[in-house]
Every structure is written in C-alpha cells, then in structure tokens.
Amino acid sequence: MTQVALAGQPNCGKSTIFNMLAGVNQHVANYPGVTVDKKTATLKHGGRTFTLVDLPGTYSFSTYSLEERVAKSFLLEENTDVIVNVVDASNLRRNLYLTFQLLELGKPVVLVLNMMDVAERRELEIDVGKLSEMLNIRVVTAVGAKRKGKQELLEAIAAAAREKLVQPFRIDYEELETYIARLERQISSESKLSRRWLAIKALEGDDVVLDRVSIDRASIEDLTAQIHALHDIDVDQMIAGLRYAGADLVYHKCVKEKPGQSETLTSRVDRIVLNRWLAFPILGLVIFLVYQLAIVWGYKLTDHTWPLLAAVRNQIFSLLPDARFIEVPLLTDFGIWMTNSVLALLNYIPIFIILFILIAILEDIGYMPRMAFILDRIFRRYGLHGQSTLPLVLGGAFVGGCAVPGVMATKGIADERARLATILTVPYMNCLAKVPFYTLLLGAFFKPDMALMMFFISTVTLFIAMIVARTLTLTVLRNRETAPFVMELPTYHLPTLKGVLLRAMQRVWLYIKKVVTIVVAVAVVLFVLLQYPGVAPEKMAQFRAEADTALADFSALAESTAYASHLDEPHKIHTLLNLYESYRTGRLLATSETAVAELDQRYEEKHPQLFPLLRPADPEARQLNRALRNLSNVSRSLQMQIKNEKISNSYLGTFGRALEPLTRHAGFDWRINVAFLSSFAARESAVATLGSIYEQGRTDASPEAVMAQDGTYTPLHAASMILFMILTPPCIATMVVVKLQTGSYRWMLFAIAFPVTLGILLSILLFSLGVHYGWSGLELMRNFYIAVALLALGLGLIKTKQSGWQVGKTH
C-alpha cells in the first residue's frame, strides 16, 4: 500500500483536491493527542492501493501553530511514499516557499497547480513544462472544484511512487553549507527523510527536529552565535531569504503576467468588504444571518423534527414495563431517563446541519479569514483573536445560541492562548437552553420589567466574556503559546455543493459519535444520583396506603356496574388505567377526525371489553370513566410526590442540602441547589426540576404563578438566581466538547470550577449588598451591569506588550 500525503498552504484548495480524489470514502479522526482533524481515504488506481492523508494546512514547517507541528510530526514519524503539494496557481510565488521545504524532505513530490481557472481569469500564463523542468518533479494542472485533473493527478502519483529518488532537491545556502554538512555528520537518526533537511531544521533551532536527532538546543545556540559572529548573518533569516529568492526566480521564469492587468474581482470586493467604514456593518450582517439561519430557523425546524423523535420515544416507552398505579419499575424509569437524555441531544441536529453548512460555505468563499482580520485588533485587547467572533456568536452572544457548536468552532483558531481563552469564555454566552429558566423567573418576578431585564441579560454576557478572557490570559494562560497573526487573504471563489455537504456531514457525524456516546455514560451516573437511596420505607408505606384507598374506592364502584367482571382483580384495574393513559396520549397526538376514528378502531379491536370505558356511551360507563379520570389524577399526583421525595432523599438532593449553608447567603435553598445541580446534564433540566419540585399537585397554575405565590422568594432572590445562571458552568455536552477541544480533563474541570466559584461569590456578594441596601431585583441587575461594563472597558484600555516592534522616541 502506498501512502500519499497531501500538503499545502491554507486556502489553496487542498481539501477540494482531497475530496476530488477520495469522494465519500473518507475517514475523519484526530491526530494522536491533539484536536486537529485527520482525514484519510483509501483508493485504488492502476492495480495499486493508495492511502491518502490530508495534512493540516500550513505556510511552512515552523512551530508557530499546532497545525504546523502536526504536519511536521506526521512527515517525521510516518513512512510517506509520495507527497502531493497542492498550490494555488493564482498565487504561485508565495506557495513555492512551502514547496521548497517539501522538496528538501527527500521524498517524491507531485505539484498540483490548483485553481487554474482563477489563474486564467487573471491572465497568468504558467509554463508548466518549464516549472516541472526547474523543480524536476511532475506538475499537474487542476480545478478541484470542477473535478478537472483527477486522472492526470492519479497517473502522476502512481508514476512518482514507482520511482526511486536518487538525488533530492537542494538549495545552496552559501556560507551555511559548511555548518549544515557538519550537522549532517552528527545526525545518526534512522529517519526516512533527508538527513540534509534534518540538519537544516536543526540549524534553524526546530525543537521537534532537535528532539528527533538528539542534538541539544544549547549547542545549536552556540553554533548560531558563532555563525553570527563570523559572518554577521542570522541563520533563520538567511535560510528564509534564500528560499524566497528561489521562489521569486522560479516564478519569473515560469509565469508571465499580462502588462496592465485590470483589477481582480477579489480586489474589487475587498475594497467594500474590508473598507474601514463598511467592514463592521457587513460583518454584523453576516453574523446575524448565520445566527438567524442556523439558530433561529434551525430551532424552528426542530418543531418539525421533534414529532418524529417523539414518535420514536413513544415507541420505546411502549416497550418498557407498565407501571402498576404508583409502582413504576426501575427499568421503566431508567429507560425514560436515557431516552429523554439522548433525544434531547439529537433534537439539535437540524441546527448543527445548517450551522456546519454555513460555516463550510463561508470557508470556501474565503470570508472566514477576512472576518478574523477585521476583528483581530479589538479582540487582541482582551486576549482573544479575530477568529473568536464566530464561536462567541454561535455560543449565544445575542441569546439563543448553543455552547456546543460554539466551542467546536474554536478549532480553526491558530493562536493556542486565544483558542483556550475562547473555549473557556464561550460557555458564558446565553445558550438557548438557559432561556426557559430566564423566562420562568422573569415571568414570576419581573413581569413589568421583562424587556429591560432581558436586555441586561443578553448584553452583560459579552462584557463578562471579555473580562474573563482578559483575566485568564493575564494569569493562568499567560505562558501559553501564541502565534503571530499570519493570514493570507485568499481569492474569493464559489463553493461546491458536494464539498460543502461532505464537510458539514463529517462534522455532524463527529458530533453524534463523540458527544452522544459520552453523554449517555454521564446520564447513567446522574440517574443513579437522583434515584438512590430512594424513598424511606415509612413514607412509601404512607403512599401505598393512599393508593390502596383510591383503588378500593374505584373497585367498589366498579362492582355495582355491568363491567364488574372485567375489573374484579387489581391487575385488571392497572391494565385499564395504563390503557386510559396511552389512549389519552393518542388522542392528543391525533390531529384530525380521521386519525381519531382510526385510533378508536384500533383500541376497540384490541381491547373490545375495556374500550367502552374509554369512549363511554351508557350512564354506567360514563360514571366509571369519570372515576377512572380521578383515579388517573391520584396516580399522577402520588407518582409526582414519590418523585419529589426521591429527589429530596437522593444523593444529589442530599448534596443540595449540604450546600445550603453556603448558598443561602446567595438566596438559594436546597431546592434551587438541586435544580442547578441537575441542570449540569442539560440547562432545561433546571426548569424541569423546579417544575417538578413546585408542582405539588397544583396542576391548575403555571410554574411562574406557583413560584410567585410560594412566598419563599422575592425579586431579589430571582435576580441572584439569574446572575448565577449567567455565570454558571455549561452543561455536560459542552463540557465534553471542551474536553475534546482542549484534549485535557484538567481544562474541563477548570471550566466547571472557575465559573461555579465566580458565580457563587458574585451571587453572595450582590445578594448581600441587595439585602443590606434594600435593593430590588431590578436594581441589583442594573448595578451589576454598570459595574461589569465599566470593568470591561477599563481592562480594554490596558496595553499589552507589543510582540513586533515599537517606534522610537525623540526629545
């Protein structure tokens, strides 16, 4: 099997060429130990099997970015037979810098001049034969987006794989040649790469190569200092300069530019898109459209997909053992919990599909690098990066996003410190799952001021994210590696439908495969924590006594009717009750008279003796139907009480009570603690848990009304809860993605502990100040908002050390 590595600079169309060659036979995974995607594919040509590996896009083999390190490590460690170097034909001169480094590796190289259509539109005449002759390699022209050049490329790869490279490409490094030769003699590595290339990288002080060839950095530093003293040259600058000079020479020999070329379409578009006055409004419009299409419209799409999932859920529920009045089998409880956990996650799939399609389109068009370019200057003040924009928006910068795709979108940020800071700040955005919690409390305690409170909530998170990012990059992330902001703005070009869909589906599949499996495991743990040790025997005996009384009353009534023979055993009554519940659910889902008629026919055929009690036609049946409805209400009420008792006595409930001595200073009692703890699985769980706790049989009032009438809490308590929810750590799904993106459980735990600590301390502080000064809930939020906004602006004014150069001063 022949291993072929595809290498090239970002935005050269490398993925398009990979897709053209591989089709759908792709496998996506991560490179070992890092979160960089590794795409591989296997294909056959001319009786030979090839394994294609799509290396991360890289401008060089330096160590500035994770992608560059990954690509270099792969070539060092893997036995690559052929390297396919994809270059942008319309921007050949800059691409040749990487080409020279690939040629120096000592492996057969095939050069692909991609985007030839763009080069032709720019009226660039490329002498392919001359280029092939000067570099002594095969050169193939292609238009990956139109699948042009596939056959020629496969033939070139096969031919290159058959040949044996006798003398590798060589650049004359002039005064450095003596030192390169000396290092070559020192290297005893068994690497299949050129020893000369290893020596050059060692002389450049490349840590990855130095480790590989067992040369210590101190000796290299002594050597470069000696070279500088003798020849007055800087090694790395001289090597880079000679490569650029070579690239320039090759370009001028092989490419003819038409004199008086007209302005390109890309230049004309950039004059508008990157205009200092129009750039931000256009960027805002693009972000709004992504947000509107993916989050808002995608969420509406779930209205249509949820019934399908609900049908699946009901089908699964129908397979679970039936309840016996108040006795719900553990298997049934577990099945319901797990099904709801998984389906809640799958419900977001439509959002992700739209989102990843839009991201792929923006990437293919060439707007993503421009978005980073526009915002980089502002975000740099807070330790973030221009490429942090999209993750923050997707996370819910305007209320209603989702932290999971937001964190996943950080993958493209090259600066590790900014990437980590973005990952750790995205969860502060207002994800869609937090909205029900806000709505519940605002409806209960802030009805006249709902709009103003929602404005505070939706905008204060941006200030918080900036403050947290600035704080982290000045402290725990201070020593993290940063990368210079090197970005080449690519040519605008139309995306291909196949390429966009393929990439979107790959990302969706990764989400399903990696997240769902882990969430299922966590859901099992949460189920145990909420179920055990269960209801005390004495309390359970009390519930059973109430249940027996209700069943006895119904049985007594049934005995005096013509239906007595069908209800003379407890299990028959249980069967009737379960039948009543399933029939009622079926009626709620039936949307037409025809559907109702079909439902009736189905139940009548299957349960001819009991169906008259579901659709009563005679006085005795109507009397039993009313009693059956009351019995169902008693069953539901007792099951709810048992559920609440389980929550109260559960390990999680006990933990909530244990936290009460601390959290009561923030205005939280154990019930609020349990709601927040359960929301770690999913934010919606906070509302569900509160609803469950407060329901207490009062089913005629809304949850907002029940909370407001409970009398335990005031608007000040509610504001403190909202404040904690704003700062609270993300749900388990987001934590899993944080782990996947950082590759570290330590960062995942930090992402939980830091916001919890910050949230509880600020809630305690502000709640205590509110009690002391007699603030209302609205005043607490207003004062908090002003303080946070001023702090964010102040931190933005602190200058950071300039990484490049500073102008001189004169007196």
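In the nomenclature of an unreviewed UniProt entry, the protein chain is known as Ferrous iron transport protein B of Geoalkalibacter halelectricus. Regarding the protein chain, the UniProt comment filed under Sequence similarities (unreviewed entry) reads as follows: "Belongs to the TRAFAC class TrmE-Era-EngA-EngB-Septin-like GTPase superfamily. FeoB GTPase (TC 9.A.8) family."

Colleague: Please give an account of the overall build of the protein chain that cites residues and values.
Modeller: When you go through the protein chain residue by residue, the secondary structure sums to 35 helices and nine strands. Residues classed as buried in the protein chain amount to 50% of the 811 residues present. Here the contacts in the protein chain between residues at least 6 apart in sequence split such that 75% fall between residues at least 24 apart. Just so you have it, the protein chain exposes about 38200 Å², and 58% of that area is on carbon and sulfur atoms.

Colleague: Tell me what's going on with the packing of aromatic side chains, and back it up with residues and numbers.
Modeller: Counted according to the given criterion, the structure contains 15 aromatic pairs. With a centroid separation of 5.2 Å and 75° between ring planes, the pair formed by Tyr583 and Tyr603 is classed as edge-to-face. Residue Tyr583 is located in helix H24 (residues 570–589), and its partner Tyr603 is located in helix H25 (residues 593–606); the two are separated by 20 residues in the primary sequence. Residue classification places Tyr583 among the buried residues on the basis of a relative accessible area of 5%. Taking the relative accessible area as the measure of exposure, Tyr603 reaches 12% and is therefore buried. Members of the aromatic cluster, connected to one another through ring pairs, are Phe455, Phe456, Phe463 and Tyr785.

Colleague: An account of the UniProt feature "transmembrane region" (unreviewed entry) in the protein chain is needed here, citing residue identities and associated values.
Modeller: Residues given the UniProt feature "transmembrane region" (unreviewed entry) here are residues 277–299, 348–368, 389–409, 450–469, 508–530, 716–738, 750–774 and 780–798. Taken end to end, residues 348–368 comprises 90% helix and 0% strand; its first and last C-alpha atoms sit 24 Å apart. Measuring from the first to the last C-alpha atom of residues 450–469 gives 29 Å, for a span that is 100% helix and 0% strand.

Colleague: Run through the pattern of salt bridges, naming residues and quoting values.
Modeller: The final tally for this structure, using the stated rule, is 19 salt bridges. Between Arg93 and Asp248 there is a salt bridge, with the nearest N and O atoms lying 2.9 Å from each other. Taken as a pair, Arg93 in helix H3 (residues 92–104) and Asp248 in helix H11 (residues 235–254) lie far apart in primary sequence, 155 residues in all. Each of the salt bridges in this network shares a partner with another, and the network as a whole consists of Glu104, Lys201, Glu204, Asp206 and Arg243.

Colleague: Before we move on, could you go through the environment of Gly534 and cite the residues and values that matter?
Modeller: Along the chain, Gly534 turns up in the loop between helix H22 (497–531) and helix H23 (537–559). For Gly534, a relative accessible area of 14% gives the class buried. Sequence separation between Gly534 and Lys646 is 112 residues; the distance between their C-alpha atoms is 5.0 Å. Setting aside anything within four residues of it in sequence, one finds Gly534 in contact with Lys646 and Asn649.

Colleague: Residue-level account of the packing of H24 against helix H27 (residues 619–649), with values.
Modeller: As a packed pair, H24 and H27 sit with axes 10 Å apart at the nearest point and diverge in direction by 90°. Judged by the inter-axis angle, H24 sits roughly perpendicular to H27. Contacts between H24 and H27 involve Ile573, Leu576, Leu577, Tyr580, Glu581 and Arg584 from the former and Asn625, Leu628, Arg629, Leu631, Ser632, Ser635 and Arg636 from the latter. Looking at the contact of H24 with H27, its residues break down into six nonpolar, three polar and four charged.

Colleague: I'd like to hear about the pairing of strand E6 (residues 109–114), residue by residue, with values.
Modeller: Within E6, six of the six residues are buried, which leaves the element mostly enclosed by the surrounding structure. Here E6 shows no split at all, with Val109, Leu111 and Leu113 on one side and Val110, Val112 and Asn114 on the other all buried. A crossover links strand E5 (residues 82–88) with its parallel partner E6, the connecting element being H3, and its sense is right-handed. Alignment of E6 against strand E8 (residues 138–141), held across four bridges, turns out to be parallel. Bridged to Val110 within E8 is Arg138.

Colleague: With reference to specific residues and values, describe helix H32 (residues 715–727).
Modeller: Between its terminal C-alpha atoms H32 stretches 18 Å, which fits the 18 Å expected from 13 residues at 1.5 Å a residue. The element H32 is extensively covered by neighbouring structure, given that twelve of its 13 residues are classed as buried. Buried within H32 we find Leu716, His717, Ala718, Ala719, Ser720, Met721, Ile722, Leu723, Phe724, Met725, Ile726 and Leu727.

Colleague: So what's going on with the environment of Ser720? Residues and values would help.
Modeller: With respect to the helices and strands, Ser720 occurs in helix H32. Each C-alpha atom of the pair Ser720 and Phe668 lies 8.4 Å from the other, and the pair is 52 residues apart in sequence. Beyond its immediate sequence surroundings of up to four residues, Ser720 is in contact with Ala666, Phe668, Ser763 and Phe767. A distance of 2.6 Å separates a polar atom in the side chain of Ser720 from the backbone oxygen of Ala666.

Colleague: Could you give an account of the packing of helix H7 (residues 177–186) against helix H8 (residues 195–203), naming the residues involved and the relevant values?
Modeller: Close contact between H7 and H8 brings their axes to 8 Å; oriented N to C, the two are set at 115°. Taken together, the axes of H7 and H8 are roughly perpendicular relative to one another. As for the relative orientation of H7 and H8, their crossing is right-handed in sense. Every residue of H8 that contacts H7 at Glu177, Ile180, Leu183 and Glu184 is listed here: Arg195, Arg196, Ala199, Ile200, Ala202 and Leu203.

Colleague: Report on the pairing of strand E4 (residues 48–54), specifying residues and quantitative values.
Modeller: The side chains of a regular strand alternate, residue by residue, between the two faces of the sheet. With five of seven residues buried, E4 is to be regarded as a mostly interior element. Of the pairings in the sheet, the one linking strand E1 (residues 2–8) to E4 comprises five bridges and is parallel in character. Bridge pairing in E4 links Gln3 to Thr51.

Colleague: An account of the nonpolar core is requested, with residue identities and associated values reported.
Modeller: Membership of the largest hydrophobic core comes to 98 residues, with the highest contact counts inside it found for Ile464 and Ile722. Ranked by residue count, the leading element in this core is helix H21 (residues 450–474), at eleven residues. In this structure, Ile722 is in contact with Tyr438, Leu441, Leu442, Phe446, Met453 and Ile457, ignoring residues within four places of it in sequence. Counting 62 residues, the second-largest nonpolar core is a separate cluster that includes Leu105, Met116, Val139 and Val250.

Colleague: I'd like to hear about the environment of Thr49, residue by residue, with values.
Modeller: Take Thr49: it is sitting in strand E4. For Thr49 and Gln3, which are 46 residues apart along the polypeptide, the C-alpha to C-alpha distance reads 8.8 Å. Non-local contacts of Thr49, meaning those with residues more than four positions away in its chain, are made with Met1, Thr2, Thr42, Leu43 and Lys44.

Parameters at a glance
Counting starts from 1 at the beginning of each chain's written sequence and moves along it residue by residue. Restriction of local features to residues with pLDDT of at least 70 applies here, the model being predicted, together with a cutoff of 80 or more for giving and counting side-chain atom pairs; totals for whole chains, interfaces and linings are based on all residues. Hydrogens and water molecules were not included; the side-chain quantities draw on all heavy atoms of the structure. UniProt positions are given in the numbering used here, feature names are shortened, and annotations may be inferred rather than shown by experiment. Strands are runs of DSSP state E lasting at least 2 residues, helices are runs of H or I lasting at least 4, and numbering of each runs from the N terminus. Remark: exposure states derive from per-residue accessible area (1.4 Å probe, protein chains only) relative to the maximum for the residue type, with buried under 20%, exposed over 50%, and partly exposed in between. Contact definition: two residues touch when any of their heavy atoms are within 4.5 Å. Using the Shrake-Rupley algorithm and a 1.4 Å probe, accessible areas are obtained, with residue cover drawn only from the displayed protein chains. Pairing of aromatic rings covers Phe, Tyr and Trp, the last through its six-membered ring, and needs centres within 6.5 Å; plane angles under 30 degrees mean stacked, over 60 mean edge-to-face, and all others mean tilted. By salt bridge we mean one thing: a side-chain nitrogen of Lys or Arg within 4 Å of a carboxyl oxygen of Asp or Glu. What counts as an axis is a line fitted to C-alpha atoms, over the stretch in contact for a helix, and the angles between N-to-C directions run from 0 to 180 degrees. Angle categories are assigned with fixed cut-offs, so that under 35 degrees is roughly parallel, over 145 is roughly antiparallel, 65 to 115 is roughly perpendicular, and the rest are oblique. Under the scheme applied here, ten amino acids are nonpolar (Ala, Val, Leu, Ile, Met, Phe, Trp, Tyr, Cys and Pro), four are charged (Asp, Glu, Lys and Arg), and all others, including Gly, are polar. Crossovers are marked right-handed if the path from the first strand over the helix to the second runs clockwise, as seen with the strands pointing away from the viewer. The pairing criterion for strands is at least two bridges between them, as found by DSSP. Expected helix span is computed as 1.5 Å times (number of residues minus one). For the purposes of these results, a polar contact is taken to be a pair of N or O atoms within 3.5 Å, where, inside protein, one atom must be able to donate a hydrogen and its partner to accept one; residues adjacent in sequence count only when each atom of the pair is a side-chain atom. By the definition used in this description, the sense in which the near helix is turned from the far one sets the handedness, with an anticlockwise turn below a right angle giving left-handed and a clockwise turn giving right-handed. We define a nonpolar core as any set of buried Ala, Val, Leu, Ile, Met, Phe, Trp, Tyr and Cys residues linked to one another through side-chain atoms lying within 4.5 Å.

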